[in-house]
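Per-entry structural report
What follows is each chain in one-letter form.
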Amino acid sequence: MSNTKLLLRNQTAVITGASGGIGGAIAIALGKAGANVVINYYKDEEGAKETQQAIVDAGSKAFILKGDVGKEEDVIELFQKAKETFGAVHILINNAGIQIDEPFLSLSYESWKQVIQTNLSGAFLCAREAAKCFDEQGVDEEVSKASGKIVFISSVHDTIPWSGRVNYATSKGGMKMMMKSIAQELAPSKVRVNSISPGAIKTPINEHEWGNKEGEQKMLAKIPYGRIGEPDDIGGVAAWLVSDQADYITGTTVYVDGGMTLYPSFQEED
Ligand code: NAI
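The model shown is predicted, which means the values in this text are computed figures rather than measured ones.

**Looking at the overall build of the protein**
Counting its regular elements, the protein contains nine helices and seven strands. For 270 residues, the compact-globule estimate of 2.2 N^0.38 gives 18 Å, and the protein sits close to it at 18 Å. Taking the principal axes of its C-alpha atoms as reference, the protein extends roughly 55 × 40 × 40 Å. Out of the 270 residues belonging to the protein, those deemed buried represent 50%. A sequence separation of at least 24 residues applies to 74% of the contacts in the protein between residues at least 6 apart. By element, 52% of the accessible surface of the protein is carried by carbon and sulfur atoms, the whole surface being about 13200 Å². Seen as two clouds, the 26 positive and the 35 negative side-chain charges of the protein have centres 2 Å apart.

**Remarks on the sheet that holds strand 2 (residues 36-41)**
As summarised here, the arrangement of the seven strands in space is 3-2-1-4-5-6-7, forming an open sheet in which the pairing is parallel. Lying at the two open borders of the sheet, with one neighbouring strand each, are strand 3 (62-66) and strand 7 (253-256). Strand after strand, the sheet turns through a mean of 15° between neighbouring axes, direction not considered. Bridge count between strand 2 and strand 3: five bridges; the pairing is parallel. The partner of Ile-39 across the bridge, within strand 3, is Ile-64. Sitting on the sheet, helix 4 (residues 72-86) touches strand 1 (12-15), strand 2, strand 3 and strand 4 (91-94), and the angle it makes with strand 3 is about 160°.

**Quick notes on unusual backbone geometry**
The backbone phi angle of Asn-10 is positive, close to 70°, even though this residue is not glycine. With a phi close to 65°, Lys-190 is a non-glycine residue in the positive phi region. By secondary structure assignment, the location of Lys-190 is in the loop between helix 6 (166-186) and strand 6 (191-198). By relative accessible area, Lys-190 is classed as partly exposed at 48%.

**Concerning the site of the ligand**
For the ligand, the set of nearby residues contains 27 residues, the closest of which are Ile-22, Asn-95, Tyr-168, Ile-201 and Thr-203. Between Asn-95 and the ligand, the recorded distance is 2.7 Å, taken from a backbone N or O atom to an oxygen atom. Isolated, the ligand exposes 820 Å² of accessible area, and the fraction of that covered by the protein chains is 91%. Here the shell around the ligand is built from residues that sort into twelve nonpolar, 13 polar and two charged.

**Description of the packing of helix 2 (residues 21-32) against helix 3 (residues 45-57)**
Contact pair helix 2 / helix 3: the axes reach a minimum separation of 8 Å and the direction vectors enclose 20°. For the element pair helix 2 / helix 3, the angle class is roughly parallel. At the point where helix 2 passes helix 3, the crossing takes the right-handed sense. Only Thr-51, Ala-54 and Ile-55 of helix 3 make contact with helix 2, whose side of the interface consists of Gly-24, Ala-27, Ile-28 and Gly-31.

**Some details on the packing of aromatic side chains**
Under the defined criterion, the tally for this structure stands at two aromatic pairs. Ring geometry for Phe-63 and Phe-86: centres 5.9 Å apart, planes at 40°, overall tilted. One end of the pair, Phe-63, is in strand 3; the other, Phe-86, is in helix 4, with 23 residues separating them in the sequence. Relative accessible area serves as the criterion here: at 19%, Phe-86 is assigned to the buried category.

What counts as what
Residues numbered from 1 in each chain as written. Predicted model: local features only at pLDDT ≥ 70, side-chain atom pairs only at ≥ 80, totals over all residues. Heavy atoms only, no water. Helix = DSSP H or I, 4+ residues; strand = E, 2+ residues; numbered from the N terminus. Rg over C-alpha atoms; globule rule 2.2 N^0.38 Å. Buried < 20%, exposed > 50% of the residue type's maximum accessible area, 1.4 Å probe, protein only. Contact = heavy atoms within 4.5 Å. Areas by Shrake-Rupley, 256 points an atom, 1.4 Å probe, with all protein chains shown as cover. Lys, Arg positive; Asp, Glu negative; His and termini not counted. Charge placed at Lys NZ, Arg CZ, Asp CG, Glu CD. Pairing = 2+ DSSP bridges. Axes fitted to C-alpha atoms, helices over the stretch in contact; angles between N-to-C directions. Near = heavy atom within 4 Å. Polar contact = N/O pair within 3.5 Å; in protein donor to acceptor, adjacent residues only side chain to side chain. Nonpolar A, V, L, I, M, F, W, Y, C, P; charged D, E, K, R; others polar. Parallel < 35°, antiparallel > 145°, perpendicular 65-115°, else oblique. Left-handed = near helix turned anticlockwise from the far one by under 90°. Phe/Tyr/Trp six-rings, centres within 6.5 Å; stacked < 30°, edge-to-face > 60°.

Listed below in structure tokens is the structure:
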């Protein structure tokens, strides 16, 4: 058995929006590290099945459940089913998210509400239900040093303002303080809460940008490390962050962005 296999053995992870993209890659990475995985998906059942198959192929267990993270009853059901199936929940990856780009002057209240509902309220609902599971279980040192771990998949736009996407940047900025406040409140109960803030990662959410040569070049100009990220860049970091190797990390954000937050426009020219 490899070392990575040992990292999350006997732990159950709930991952929202895990039918593909970053959520799919995280689900597979956690499955490869030995976790039982609960795959929440919204629309893409085929994608969810592919994620499940990859986890089963890696020797771990996975089940699929459709649900809207912005609906309280769906979220309660998600965690109930996770507990029924695997007996406990140790990890939540709050990944589900949407982006609806509109200039501020014409940003509709509907688009504002939709993005906040999914990205921020959905993350809150899932975090609260996960925390209840952790509280019931307490710490089992045989399984993990923490009673539970929550990772928010935020964005570099929790710190970089983004014109034309005020709804999205606000949801991720709010997520940052939600993460820190929950981390502060639950640290005495041995719950670790952190964020991963990706830069530009090739997924369907931003295909309209990287999917053509001009868009790709514009993206690359913002990335000092010189490549657009892949979902696996996030998967590996997430698996490590929820493992006991990262046991002393709580209330912080790991930027996985090829240096996007280094303000590359300030780089000295030759
Ligand atoms: P994606 O569009 O492939 O994935 C988003 C997932 O969330 C999809 O599976 C979608 O079905 C699901 N989802 C949407 N609404 C939902 C709802 N109400 N309930 C449950 N699931 C729902 O895009 P990607 O890139 O994989 O996004 C994952 C997360 O990463 C998002 O939170 C996004 O904001 C964040 N992110 C992505 C970046 C990128 O460059 N791709 C950069 C920074 C952050």
